[in-house]
Amino acid sequence: MSSLNNNLIISDLSQKWQNCGMLEGDTIVLHSDVRKLLLYYNHFSQPKGKKKVRVLSVEDIFDSFLNAVGVKGTLIIPLFNFDFSSNGKLFDIRSTPSQMGVLTEHARKRVDYLRTKNPVYSFAIFGKNKKYFESIDLHSALGKDSVFSRLIELDGKIAVLGLSDKNSMTFYHHIEEMHNVAYRIRKNFTAPYIDSNGKETKETISLYVRDLDRGVQTLVDPVGEMMWRKGLYSGEKIDQVHGLRTISAANMYKFVSDIILNNSAKDNLYEIKKTDAD
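Residues numbered from 1 in each chain as written. Predicted model: local features only at pLDDT ≥ 70, side-chain atom pairs only at ≥ 80, totals over all residues. Heavy atoms only, no water.

1. Regarding the overall build of the chain
For step 1, the next point in the chain: Along the chain, the regular secondary structure elements total 9 helices and 12 strands.
For step 2, the next point in the chain: Its C-alpha radius of gyration of 19 Å places the chain within 12% of the 19 Å reference for a compact globule of 278 residues.
For step 3, the next point in the chain: When the backbone C-alpha atoms are referred to their principal axes, the chain occupies close to 55 × 50 × 40 Å.
For step 4, the next point in the chain: Within the chain, the fraction of its 278 residues that count as buried is 52%.
For step 5, the next point in the chain: Considering only residue pairs separated by 6 or more positions, the chain has 67% of its internal contacts joining residues 24 or more positions apart.
For step 6, the next point in the chain: Here the chain displays about 13,700 Å² of accessible surface, and carbon together with sulfur accounts for 49% of that area.
For step 7, the next point in the chain: Separation between the mean location of the 38 positive side-chain charges and that of the 33 negative ones in the chain comes to 3 Å. (Helix = DSSP H or I, 4+ residues; strand = E, 2+ residues; numbered from the N terminus. Rg over C-alpha atoms; globule rule 2.2 N^0.38 Å. Buried < 20%, exposed > 50% of the residue type's maximum accessible area, 1.4 Å probe, protein only. Contact = heavy atoms within 4.5 Å. Areas by Shrake-Rupley, 256 points an atom, 1.4 Å probe, with all protein chains shown as cover. Lys, Arg positive; Asp, Glu negative; His and termini not counted. Charge placed at Lys NZ, Arg CZ, Asp CG, Glu CD.)

This is how it looks when you write it as structure tokens:
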């Protein structure tokens, strides 16, 4: 594909993202699943009976998001990896891969970003405000000083491409932790950690996790539907062609906080499902 066509498709996608609420100058966390988008452009949108050619790459999609927020914007990509907390595996901030999909791994392999330090919930931060996130301590995951708390301070947004709320919106758990909800509990995890200078230590982090002994299961999709009905989400739903939606972090924080404070979290944010062994 020519670079001209490449630039045109990036520009076209950037315009679509802006139409969905991702604007120039925004500071925005992006959760993504690009498989449907790649399939649409590289298969279904091409003429029938002709050999299929690749017209869209993961790099193109990533560049389209950078273009959408522009040089004055900040793009924040989750690089979450749960090996540190699930099996005590070493975390190396320089090389531990993301488990959040191909777009996030593409982001991790670039050189023009800041990676935040938490060994489970790290983020790649590109653009104008990346230095604002540099001082977050490695032990801070989703609490009072975290990427999400600073996102609110910057009047930022959250964008989701091709995923349900349940499979993407980690911000719910930040809000739950800030309200110290009773259906989640604090748990410590210890494993080896290598920092950006190559120094290895053993670190213990604290995460606010589901109370599995009570059978707590994350729900949240009902709240996502409520936010659509209230007009808090902008853009497209997951079953539409491009499927990008955006929301103000501050507006979402207030809406979900009201649900928690009104004792309506059960069957909206979480449910109880006991196993046969229980």
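2. Examining the pattern of salt bridges
For step 1, the next point in the chain: In the structure shown here, the tally under the stated rule is 17 salt bridges.
For step 2, the next point in the chain: With a closest N to O distance of 3.4 Å, Asp112 and Arg110 form a salt bridge.
For step 3, the next point in the chain: We classify Asp112 as partly exposed; its relative accessible area is 33%.
For step 4, the next point in the chain: For Arg110, a relative accessible area of 22% corresponds to the partly exposed category.
For step 5, the next point in the chain: It is possible to trace a salt-bridge network through shared partners that takes in Asp63, Arg110 and Asp112. (Salt bridge = Lys/Arg side-chain N within 4 Å of Asp/Glu carboxyl O.)

3. Some details on the sheet that holds strand β4 (residues 114-115)
For step 1, the next point in the chain: Pairing within the open sheet is mixed, and its 7 strands lie in the order β4-β5-β2-β1-β6-β11-β10. Sheet topology places β4 and β10 (234-235) at the edges, where each strand pairs with a single neighbour.
For step 2, the next point in the chain: As defined by bridge partners, strand β1 (residues 27-32) adjoins strand β2 (residues 74-78) across 3 bridges and the pair is classed as parallel. If you follow Val29 over to β2, its bridge partner there is Ile76.
For step 3, the next point in the chain: Contacts from helix α9 (residues 249-261) reach β6 (157-161) and β11 (244-248), with the element oriented near 75° to β11. (Pairing = 2+ DSSP bridges. Axes fitted to C-alpha atoms, helices over the stretch in contact; angles between N-to-C directions.)

4. Some details on the sheet that holds strand β8 (residues 200-210)
For step 1, the next point in the chain: Here we have 3 strands laid out as an open sheet, ordered β3-β7-β8, and mixed in their pairing. Where the open sheet ends on each side, the last strands, each with one partner, are β3 (91-92) and β8.

5. Side note on helix α7 (residues 171-178)
For the α-helix, the turn length of 3.6 residues means that residues three or four positions removed from each other point alike.
For step 1, the next point in the chain: With 7 of its 8 residues buried, α7 lies for the most part within the structure.
For step 2, the next point in the chain: The complete set of buried residues in α7 reads Phe171, Tyr172, His173, His174, Ile175, Glu176 and Glu177.

6. As for the packing of helix α8 (residues 221-229) against α9
For step 1, the next point in the chain: Two elements in contact, α8 and α9, have axes separated by 11 Å at closest approach and are oriented at 125°. As the angle between them shows, α8 and α9 are arranged oblique. Both α8 and α9 take part in a crossing whose hand is right-handed. For the pair α8 and α9, the contacting residues are Val223, Met226 and Met227 in the first and Met252, Phe255, Val256 and Ile259 in the second.
For step 2, the next point in the chain: Of the residues that constitute the contact of α8 with α9, the class distribution is 7 nonpolar, no polar and no charged. (Parallel < 35°, antiparallel > 145°, perpendicular 65-115°, else oblique. Left-handed = near helix turned anticlockwise from the far one by under 90°. Nonpolar A, V, L, I, M, F, W, Y, C, P; charged D, E, K, R; others polar.)

7. A closer look at unusual backbone geometry
Glycine aside, negative phi is the norm for most residues, and most peptide bonds take the trans geometry.
For step 1, the next point in the chain: Look at Val220: it is not a glycine, yet its phi comes out positive at around 60°.
For step 2, the next point in the chain: For Val220, the position within the fold is in the loop between β9 (216-218) and α8.
For step 3, the next point in the chain: Despite not being glycine, Asp267 has its phi angle at roughly 70°, a positive value.
For step 4, the next point in the chain: Tracing the backbone through its elements, the reader meets Asp267 in the loop between α9 and β12 (270-272).
For step 5, the next point in the chain: In this structure Asp267 comes out as partly exposed when scored by relative accessible area, which is 47%.

That's the geometry; what it means functionally is another story.
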